[in-house]
Amino acid sequence: MIAGRIDPAACVACGLCERLAPALFRVILHRVAVLRLGPRIPASLEERAWWAAEACPTGAIHLSQVPAGGSEGEC
Ligand code: SF4
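Residues numbered from 1 in each chain as written. Predicted model: local features only at pLDDT ≥ 70, side-chain atom pairs only at ≥ 80, totals over all residues.

### Observations regarding the overall build of the protein chain
Per the secondary structure count, the protein chain includes two helices and six strands. Scored against the burial criterion, the 75 residues of the protein chain give a buried share of 20%. Partitioning the intrachain contacts of the protein chain with sequence separation of at least 6 by distance along the chain shows that 57% fall at a separation of at least 24. (Helix = DSSP H or I, 4+ residues; strand = E, 2+ residues; numbered from the N terminus. Buried ≥ 20, exposed ≤ 12 C-beta atoms within 10 Å, placed from the backbone. Contact = placed C-beta atoms within 7 Å.)

### Section: the site of the ligand
The full set close to the ligand counts 16 residues, and Cys 11, Cys 14, Cys 17, Ala 33 and Cys 56 are the nearest of them. Secondary structure elements with two or more residues in the shell around the ligand: helix H1 (16–20) and strand S2 (25–28). (Near = placed C-beta within 6 Å.)

### Some points on the pairing of strand S3 (residues 32–35)
Taken together, the four bridges between S2 and S3 define a ladder with antiparallel strand orientation. When the sheet's bridge partners are listed, Arg 26 is paired in S3 with Val 34. (Pairing = 2+ DSSP bridges.)

### Remarks on the pairing of strand S1 (residues 2–6)
For S1 and strand S4 (residues 40–41), the ladder comprises two bridges, and the chain directions are antiparallel. Looking across to S4, one finds that Ile 2 is bridged to Ile 41. Sheet topology places S1 next to strand S5 (residues 61–65); five bridges connect them, and they run antiparallel. Bridged to Ala 3 within S5 is Ser 64.

### Quick word on the environment of Pro 8
The topology assignment puts Pro 8 in the loop between S1 and H1. C-alpha separation for the pair Pro 8 and Ala 53, spaced 45 residues apart in sequence, amounts to 14 Å.

### Considering the nonpolar core
In terms of nonpolar packing, the biggest core is built from 14 residues, with Cys 17, Ala 49, Ala 52 and Ile 61 touching the most fellow members. Looking at this core, the elements that each hand over two or more residues are helix H2 (46–55) and S5. With three residues, the top contributor of residues to this core is H2. Leaving out residues up to four positions away in the same chain, Ala 49 has contacts with Ile 2, Gly 4, Ala 21, Leu 24, Ile 41 and Leu 63. (Core = buried A, V, L, I, M, F, W, Y, C linked by C-beta atoms within 7 Å.)

Geometry only, nothing functional implied.
See the structure below:
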């Protein structure tokens, strides 16, 4: 499982993540992207989440592996 976080200071609201993974990301008020489903990324959307994180022009999307039964550790 992975967890996600968007750095609001880094996000420039370009909308790329929303276009790549609309089930996961949404740009609100033309100002910042948020995770639609909260920090936990469903397994079925993990590939999309990594794709969007790699494509984000400012590196605002941070994904972390969540070990089974453990705490989150940022990659
Ligand atoms: S791709 Fe990055 S900068 Fe663009 S809206 Fe998404 S999080 Fe913000």
